[in-house]
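Okay, here's what each chain looks like letter by letter:
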Amino acid sequence: MRPFFALFRIRFANSLQYRVAAIAGLATQFAWGFMYILAFRAFYAENPAAFPMTMEQTISYIWLQQAFVALFFIWFWESSIIESVESGSIAYEMVRPIDLYGKWVVTAAATRISRCILRATPILAIALILPVQFRLSADMGPAAAGLFLVSVTLSLGVVLAFSMLVYMSAFYTINSMGVRIMVAVGADFLAGGYIPIPFFPEILRRIVEHSPFGAMQNMPLLIFSGYLRGADLARGMSLQIFWLVALVLMGRAIMTRALRRVVTQGG
């Protein structure tokens, strides 16, 4: 485990240096947050009872989503992983005494967490003091806060495990850009990245809630907003654990097969 901790620390520290990009990201997240809230307020003004979540819950969902965008959105790819496969430099990684799947996960996790830290704190701090019609509600008890943090960790694990499957597509394509674009658009929509999953049509909602996408950002954001409670919360977190284990096992199996067949050219 020590090599993984060292790799995480180095990658984490390196990613924290990009403060200018983080400031630009803050402006983007605030712009998107206000845009989403204003759009939802226009719909809620017509008939608030027609929606599955209250306006306050929806606002909390939106601000949490903007704060943790680097953790939960699929399109935050780790470019060094793709480049190592497509350039052939993965040959050097294969001869090193370290688990390649674990290395990829740690690298991607360090980048996502460092980017999240730079953005999340100022977004949440400002969202808590905004005027009431835009304010983030944070009236959770200790138990709910603990479950939220556990769910965030599981969600990050599911996102990373799912991303590993996409990275592995680089073993089977000349250029994986097309695969990544299609997967990112579809996965972020189904995970509740554009509208919360409770707003989906009934049949689609039930399917998505039991898929890996329902185990991503959907769960912690609905827990924080107060939408999920009791048996629904327990069932949702159980699905997170199931999909985390299933995707990791699937990813390891695919990587083992891919590394046995990989061919590098050049010299």
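This is a predicted model, so every value here is computed, not measured. (Residues numbered from 1 in each chain as written. Predicted model: local features only at pLDDT ≥ 70, side-chain atom pairs only at ≥ 80, totals over all residues. Heavy atoms only, no water.)

Which residues make up empty space enclosed by the protein, and what are the values?
The tally for this structure, following the rule as stated, stands at two cavities of 30 Å³ or more. Taken together, Tyr36, Phe40, Tyr61, Ile62, Gln65, Gly192, Gly193, Tyr194, Ile195 and Pro196 form the lining of the largest cavity. Within the residue set of the lining of the largest cavity, elements represented by two or more residues are helix H2 (19-46) and helix H3 (55-67). Top contributing element to the lining of the largest cavity by residue count: H3, with three residues. When its residues are assigned to classes, the lining of the largest cavity shows seven nonpolar, three polar and no charged. Taken as a whole, the second largest cavity encloses approximately 40 Å³ of empty space. In this structure, the second largest cavity is lined by Phe76, Trp77, Glu78, Ala108, Thr111, Arg112, Arg115 and Tyr167. (1 Å grid on protein atoms, 1.4 Å probe; cavity = no way out; pocket = protein on both sides within 12 Å on 5 of 7 lines; lining within 4 Å. Points joined across faces, edges and corners; volume = space filled by probe spheres on them. Helix = DSSP H or I, 4+ residues; strand = E, 2+ residues; numbered from the N terminus. Nonpolar A, V, L, I, M, F, W, Y, C, P; charged D, E, K, R; others polar.)

Could you give me a rundown of the side chain of Glu78, with the residues and numbers involved?
Mapped onto the elements of the fold, Glu78 is located in the loop between helix H4 (69-72) and helix H5 (79-87). In terms of polar contacts, Glu78 uses its side chain to reach the side chain of Ser80, at 2.8 Å. (Polar contact = N/O pair within 3.5 Å; in protein donor to acceptor, adjacent residues only side chain to side chain.)

Report on the packing of helix H8 (residues 142-167) against helix H11 (residues 218-225), specifying residues and quantitative values.
Contact geometry of H8 with H11 gives a least axis separation of 8 Å together with a crossing angle of 165°. Between H8 and H11, the crossing angle belongs to the class labelled roughly antiparallel. The handedness of the crossing between H8 and H11 is left-handed. Residues Ala144, Leu147, Phe148, Ser151, Val152 and Ser155 of H8 form the contact with H11, whose participating residues are Met219, Pro220, Ile223 and Phe224. Per-class residue counts for the contact of H8 with H11 are eight nonpolar, two polar and no charged. (Axes fitted to C-alpha atoms, helices over the stretch in contact; angles between N-to-C directions. Parallel < 35°, antiparallel > 145°, perpendicular 65-115°, else oblique. Left-handed = near helix turned anticlockwise from the far one by under 90°. Contact = heavy atoms within 4.5 Å.)

Any chance you could break down the environment of Trp75 for me, citing the residues and the numbers?
When you line up the elements, Trp75 lands in the loop between H4 and H5. A relative accessible area of 40% means that Trp75 is categorised as partly exposed. (Buried < 20%, exposed > 50% of the residue type's maximum accessible area, 1.4 Å probe, protein only.)

Got a sec to walk through the environment of Val179? Specific residues and values, please.
As for its placement among the helices and strands, Val179 is situated in helix H9 (residues 177-190). Between the C-alpha atoms of Val179 and Val166, which are 13 residues apart in sequence, the distance is 7.5 Å. Each residue touching Val179, except ones within four places of it in the same chain, is listed here: Val166 and Ser169.

Any details on the side chain of Arg119? Residues and values, ideally.
When you line up the elements, Arg119 lands in helix H7 (residues 100-127). Asp188 provides the closest opposite charge to the buried, unpaired Arg119, separated from it by 12 Å. (Lys, Arg positive; Asp, Glu negative; His and termini not counted. Salt bridge = Lys/Arg side-chain N within 4 Å of Asp/Glu carboxyl O.)

Could you give me a rundown of helix H12 (residues 230-261), with the residues and numbers involved?
For H12, which comprises 32 residues, the first-to-last C-alpha distance of 47 Å matches the rise-based estimate of 46 Å (1.5 Å per residue) to within 8%. Along H12, the residues that are buried comprise Leu233, Gly236, Met237, Leu239, Gln240, Trp243, Leu247, Gly251, Met255 and Ala258. For H12, the secondary structure elements touched by its buried residues are H7, H8, helix H10 (202-209) and H11. (Expected span 1.5 Å × (residues − 1).)

Outline the packing of H3 against H11, supporting the account with residue identities and numerical values.
H11 packs onto H3 with a crossing angle of 135° between their chain directions and a minimal axis gap of 9 Å. On the basis of their axis angle, the class for H3 and H11 is oblique. Taken as a pair, H3 and H11 cross one another with a handedness that is right-handed. Judged by residue contacts, Gln57, Ser60, Tyr61, Leu64 and Gln65 of H3 engage Leu221, Leu222, Phe224 and Ser225 from H11.

Describe the pattern of salt bridges, and please don't skip the residues or the numbers.
In the structure shown here, the tally under the stated rule is five salt bridges. For Glu209, the salt bridge goes to Arg205, with nearest N and O atoms at 2.9 Å. Of this pair, Glu209 and Arg205 both sit in helix H10, four residues apart, which is roughly one turn of that helix. Judged by its relative accessible area of 26%, Glu209 falls in the partly exposed class. Judged by relative accessible area, which is 16%, Arg205 ranks as buried. In this structure, Asp232 and Arg235 form a salt bridge, with 2.3 Å as the shortest nitrogen-oxygen distance. Placement of the pair is Asp232 and Arg235 together in helix H12, with a separation of three residues, close to one helical turn. Residue classification places Asp232 among the partly exposed residues on the basis of a relative accessible area of 41%.

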